[in-house]
Amino acid sequence: ARSGRCAAGFRPPEWRYLSTLRSVVFVFVLAILVSACTTTMTGRRQLTPISEDKMDAMGIATFASLKQQGTLSKDPGVNEYIVCIRALLEVVPTEYGPDDGRWEVLVFDDTSPNAFALPSGKIGVHSGMLEVATTPGQRAAVIGRYRFRP
């Protein structure tokens, strides 16, 4: 029976190189993963292959595009309520909020019960969400969930 090894434990050269190549690739991938990890405000570590500055720029550009394409709510009661929420967000410590400290919370006229958050303190709420989340606590939970998820 043949065991795949030559006399005295000698392995053919291609296996030795393949093993070395695997080790090099493993160390390289591990180094990339470790260098791209950051710690969130909840203390969890996460992979962040894109810099925070680039993420912020992408969030600002995307939100500007959404504002141009979507229809913003003109309801004065809803907009007054959103101003109050924005004021509450101002007390969030700066290390957990946008770099410039400015939050932007807007309500889009859309009947779907949805909300979203983008980097750089941009939060969008669909008017349909305000019909589902009817109390201030429910609405705060929705906005807080989208803004502060790890």
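Above this text is the structure in question.
Reference entry: report on the structure contained in this document. (Residues numbered from 1 in each chain as written. Predicted model: local features only at pLDDT ≥ 70, side-chain atom pairs only at ≥ 80, totals over all residues. Heavy atoms only, no water.)

A surface patch of nonpolar side chains, amounting to about 380 Å² of accessible area, comprises Leu-21, Val-25, Phe-28 and Val-29. Along the chain, Val-25 turns up in helix H1 (residues 13-35). The partly exposed category is assigned to Val-25, whose relative accessible area is 44%. (Patch = residues over 30% accessible without salt bridge, like charges linked within 9 Å, V, L, I, M, F, W, Y side chains within 5 Å. Areas by Shrake-Rupley, 256 points an atom, 1.4 Å probe, with all protein chains shown as cover. Salt bridge = Lys/Arg side-chain N within 4 Å of Asp/Glu carboxyl O. Helix = DSSP H or I, 4+ residues; strand = E, 2+ residues; numbered from the N terminus. Buried < 20%, exposed > 50% of the residue type's maximum accessible area, 1.4 Å probe, protein only.)

Looking now at helix H3 (residues 76-89). Across its 14 residues, H3 extends 20 Å between first and last C-alpha, which sits within 8% of the 20 Å expected from 1.5 Å per residue. Among the residues making up H3, those that are buried are Val-78, Ile-82, Ile-85 and Leu-89. In a view along the axis of H3, the buried residues occupy a sector of 55°, so they form one face of it. H3 presents Pro-76 and Glu-80 as exposed residues on the side facing more than 90 degrees away from its buried surface. N-cap assignment for H3: the residue whose side-chain oxygen lies 2.9 Å from the backbone N of Gly-77 is Asp-75. (Expected span 1.5 Å × (residues − 1). Arc of directions from axis to C-beta. Polar contact = N/O pair within 3.5 Å; in protein donor to acceptor, adjacent residues only side chain to side chain.)

Take the pattern of salt bridges next. Note that side chains of opposite charge can pair when their charged atoms are close. Under the criterion given, the structure shown has two salt bridges. Between Lys-67 and Glu-104 there is a salt bridge; the shortest N-O distance is 2.7 Å. With Lys-67 in helix H2 (residues 52-69) and Glu-104 in strand E3 (residues 104-108), this pair connects stretches of sequence that are 37 residues apart. The exposure class of Glu-104 is buried, given its relative accessible area of 18%. Between Glu-104 and Lys-122 there is a salt bridge whose closest N-O contact spans 3.0 Å. Taken together, the positions of Glu-104 in strand E3 and Lys-122 in strand E5 (residues 122-126) put the pair 18 residues apart, joining distant regions of the chain. Linked by salt bridges that have partners in common, Lys-67, Glu-104 and Lys-122 make up one network.

Positive phi, close to 80°, is recorded for Ser-120, a residue that is not glycine. Along the chain, Ser-120 turns up in the loop between strand E4 (115-118) and E5. The exposure class assigned to Ser-120 is buried, which follows from its relative accessible area of 12%.

Spatially, the three strands line up as an open sheet ordered E3-E5-E4, and their pairing is mixed. Two strands lie at the open edges of the sheet, namely E3 and E4, each paired on one side alone. Taking each pair of neighbouring strands and ignoring which way they run, the sheet shows an average axis angle of 15°. Note that E4 and E5 share four bridges and pair antiparallel. Bridge pairing in E5 places Leu-118 opposite Lys-122. Sitting on the sheet, H2 touches E3, E4 and E5, and the angle it makes with E3 is about 30°. (Pairing = 2+ DSSP bridges. Axes fitted to C-alpha atoms, helices over the stretch in contact; angles between N-to-C directions. Contact = heavy atoms within 4.5 Å.)

This paragraph deals with the nonpolar core. One recurring pattern in soluble globular proteins is that nonpolar side chains are buried together. Formed by 17 residues in total, the largest nonpolar core has its most connected members in Ile-82, Leu-89, Val-107, Ile-123 and Val-125. With four residues, H3 is the single largest residue contributor to this core. Residues contacting Val-107, with those up to four places away along its chain left out, are Thr-71, Leu-72, Ser-73, Val-78, Ile-82, Val-125, His-126, Ser-127 and Leu-130. Core analysis: the next-biggest nonpolar cluster, separate from the first, contains five residues, Phe-63, Leu-106, Phe-108 and Leu-118 among them. (Core = buried A, V, L, I, M, F, W, Y, C linked by side-chain atoms within 4.5 Å.)

Honestly, it's all geometry; don't read function into it.
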